[in-house]
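# Fold and contact review
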Amino acid sequence: MKQDSDLRNNLKSIRTRLGMSQQDLANIANVTRQTISGVESGQYAPSVAITLRLAKALGCQVEDLFWLERDLPEIEAVLAKPVPNGQQLRVSMARVGGQWIAYPLIGKDAFRQDMIPADGESTSLTGTNKVRVRLLDDNLETLHNTVVIAGCAPVISLWARATERWHPQLRVQYNFANSMAALHSLCRGEAHIAGMHLYDPETGEYNTPFVRDVLAGREAVLITLGVWEEGLLLKSGNPMGIRTVSDLVAGGATIVNREIGSGSRMLLEQTLQKEQIPFDTVQGFDNVLKSHQDVAQAVVRGVADAGMSTASVATAFGLGFIPLHQSRYDLVILKEYLEESPVQQLLSTLGHRMVHSQFEILGGYDISKIGEVVATV
């Protein structure tokens, strides 16, 4: 029988993984070697009887050997960020607020420590910011059970992994973004939860004034993830004797900064303004990096003498640390998402000991009020 153009098979990879030759498999399945060769090359579509024999010979399910390409669904999704026209994309997928969101896995977004598996591949653009996505498998249940968090706190990934161990059917997608970028991502419907740590010196409030401004009347709750110490990361042993931000200028220290919209940059600017230090007198003020880890690595490598981050990051990289401020890190969740089962499952683990223990051993992180609703807007 000629091959169906939509029929795909995994016969060769399973056979070779088991150390079988084509003739070995033919003998066990009671077919000819030419049959095995024809199936593997896509020139021959086996009968039901031969399909069952092959699956039995290889000790697997028929579905492990054969599938129809047309069985993989295509869905329309909103791109979470602009991409070059015509570029074929690896994407990660989640359903947020009743629509599918496609997160391009390009550049640094394609990696954590290892490459992120894709859920699908874009096939065509259908509008300015919409794309057709061919899924790589038909497990829509996983995509429906995906919670998307945008934020910059390294502890989010610890929380996500601990939650996935507790709820094996739940997937937590962590998209790195500074505080303001995370909040705008939530507002655009690209995330269920935004993490942020912004302090408003005029009101003395954390996060809430910024949420009110950006969400502009939409209802949300703020749940605290903890309070962390923020300050200056320094080379181990503090060879320049830095104690304050004033010492940065007096000692001619070079810093690395964070991007506009990040809590760390805002804290640095507020501290410099309080000390009446012009930004342009600080060497490296315009040298912008995108994450806490990047700042720490710059100090470790000697690219900079100092940078703004947290006590837990300093500990992780073996760096010195000068505390300047305690910042509350909150999770901002639109009320319309609160009753969704995946979101509820994720939030339920904020009270679990396995989550608390991951945070506690970091150092410089107070979780005494973790899980508390600190504001509604």
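Structure shown above.
Residues numbered from 1 in each chain as written. Predicted model: local features only at pLDDT ≥ 70, side-chain atom pairs only at ≥ 80, totals over all residues. Heavy atoms only, no water.

The next subject is the overall build of the chain. For the chain, the helix and strand inventory stands at 15 helices and 19 strands. Projecting the C-alpha coordinates of the chain onto the three principal axes gives extents of approximately 85 × 45 × 45 Å. Considering only contacts within the chain whose residues lie at least 6 apart along the sequence, 71% involve residues at least 24 apart. By element, 50% of the accessible surface of the chain is carried by carbon and sulfur atoms, the whole surface being about 18,000 Å². Each charge class in the chain was averaged separately, 34 positive and 41 negative side chains, and the resulting centres sit 6 Å apart. (Helix = DSSP H or I, 4+ residues; strand = E, 2+ residues; numbered from the N terminus. Contact = heavy atoms within 4.5 Å. Areas by Shrake-Rupley, 256 points an atom, 1.4 Å probe, with all protein chains shown as cover. Lys, Arg positive; Asp, Glu negative; His and termini not counted. Charge placed at Lys NZ, Arg CZ, Asp CG, Glu CD.)

Considering all chains together, one arrives at twelve salt bridges under this definition. Between E259 and R258 there is a salt bridge whose closest N-O contact spans 3.1 Å. Like R258, E259 is buried. Here R328 ties to D330 by a salt bridge, and the two come within 2.7 Å at their closest N and O atoms. According to the relative accessible area criterion, D330 is buried, its value standing at 0%. (Salt bridge = Lys/Arg side-chain N within 4 Å of Asp/Glu carboxyl O. Buried < 20%, exposed > 50% of the residue type's maximum accessible area, 1.4 Å probe, protein only.)

In space, the five strands of this closed barrel follow the order β3-β5-β4-β6-β7, with mixed pairing throughout. Direction aside, the axes of adjacent strands within the sheet are offset by 55 degrees on average. (Pairing = 2+ DSSP bridges. Axes fitted to C-alpha atoms, helices over the stretch in contact; angles between N-to-C directions.)

Here is the key point about a regular strand: its side chains alternate between the two faces of the sheet. Of all 15 residues in strand β17 (residues 320-334), eleven are buried; the element is thus mostly enclosed. Of the pairings in the sheet, the one linking strand β10 (residues 193-196) to β17 comprises four bridges and is antiparallel in character. Across the sheet, the residue bridging to G195 is L331, located in β17. Here strand β13 (residues 220-234) runs beside β17; their pairing, made up of 14 bridges, is antiparallel. Note that in β17 the partner of W228 across the bridge is S327.

Turning to its location among the elements, S262 is positioned in the loop between β14 (255-258) and α11 (263-274). For S262, a relative accessible area of 1% gives the class buried. A polar contact of 3.2 Å, which involves the side chain of S262, links it to the backbone nitrogen of R265. Setting aside chain neighbours within four positions, we find S262 in contact with N178, S179 and L198. (Polar contact = N/O pair within 3.5 Å; in protein donor to acceptor, adjacent residues only side chain to side chain.)

A word on the packing of helix α2 (residues 22-29) against helix α3 (residues 33-41). The packing of two helices is summarised by the inter-axis angle and the distance between the axes. Interaxial distance between α2 and α3 falls to 8 Å at its minimum, and their mutual angle equals 115 degrees. Between α2 and α3, the crossing angle belongs to the class labelled roughly perpendicular. Of the two elements, α2 crosses α3, and the hand of that crossing is right-handed. The residues of α3 that touch α2, namely those facing Q22, Q23, L25 and A26, are R33, I36, S37 and E40. Of the residues contributing to the contact of α2 with α3, the split by class is three nonpolar, three polar and two charged. (Parallel < 35°, antiparallel > 145°, perpendicular 65-115°, else oblique. Left-handed = near helix turned anticlockwise from the far one by under 90°. Nonpolar A, V, L, I, M, F, W, Y, C, P; charged D, E, K, R; others polar.)

A few words now on unusual backbone geometry. Although it is not a glycine, A216 adopts a positive phi angle of roughly 50 degrees. Mapped onto the elements, A216 comes out in the loop between α9 (208-215) and β13. Look at N238: it is not a glycine, yet its phi comes out positive at around 50 degrees.

This part takes up the state of the cysteines. Under the criterion given, the structure shown has zero disulfides. Looking at the unpaired C152, the closest cysteine sulfur is the one in C187, lying at 18 Å. (Disulfide = S-S within 2.5 Å.)

All right, on to the packing of aromatic side chains then. For the structure shown, the criterion picks out five aromatic pairs. An angle of 65 degrees between the planes, with centres 5.2 Å apart, marks the rings of W228 and Y329 as edge-to-face. With a gap of 101 residues between them, W228 in strand β13 and Y329 in strand β17 connect regions that are remote in the sequence. For W228, a relative accessible area of 1% gives the class buried. (Phe/Tyr/Trp six-rings, centres within 6.5 Å; stacked < 30°, edge-to-face > 60°.)

This next bit is on the pairing of β13. Within β13, 13 of the 15 residues are buried, which leaves it mostly tucked inside the rest of the structure. As paired elements, β13 and strand β19 (residues 373-376) share three bridges and run antiparallel to each other. From the neighbouring strand, L222 faces β19, where its bridge partner is A375. Bridge analysis of β13 against strand β18 (residues 365-366) gives two bridges, and the strand direction is antiparallel. Residue pairing for β18: V227 is matched across the bridge by D366. Strand direction decides the pairing type here: β13 and strand β16 (residues 306-310), joined by five bridges, are antiparallel. Across the sheet, the residue bridging to L234 is A306, located in β16.

Residues H292, D294, V295, A296, A298 and V299 constitute the buried set of helix α12 (residues 292-301). Each element contacted by the buried residues of α12 is listed here: β13, β14, α11, β15 (288-289), β16 and α13 (311-317). Two residues or fewer past α12, G302 is found with a positive phi of approximately 85 degrees.

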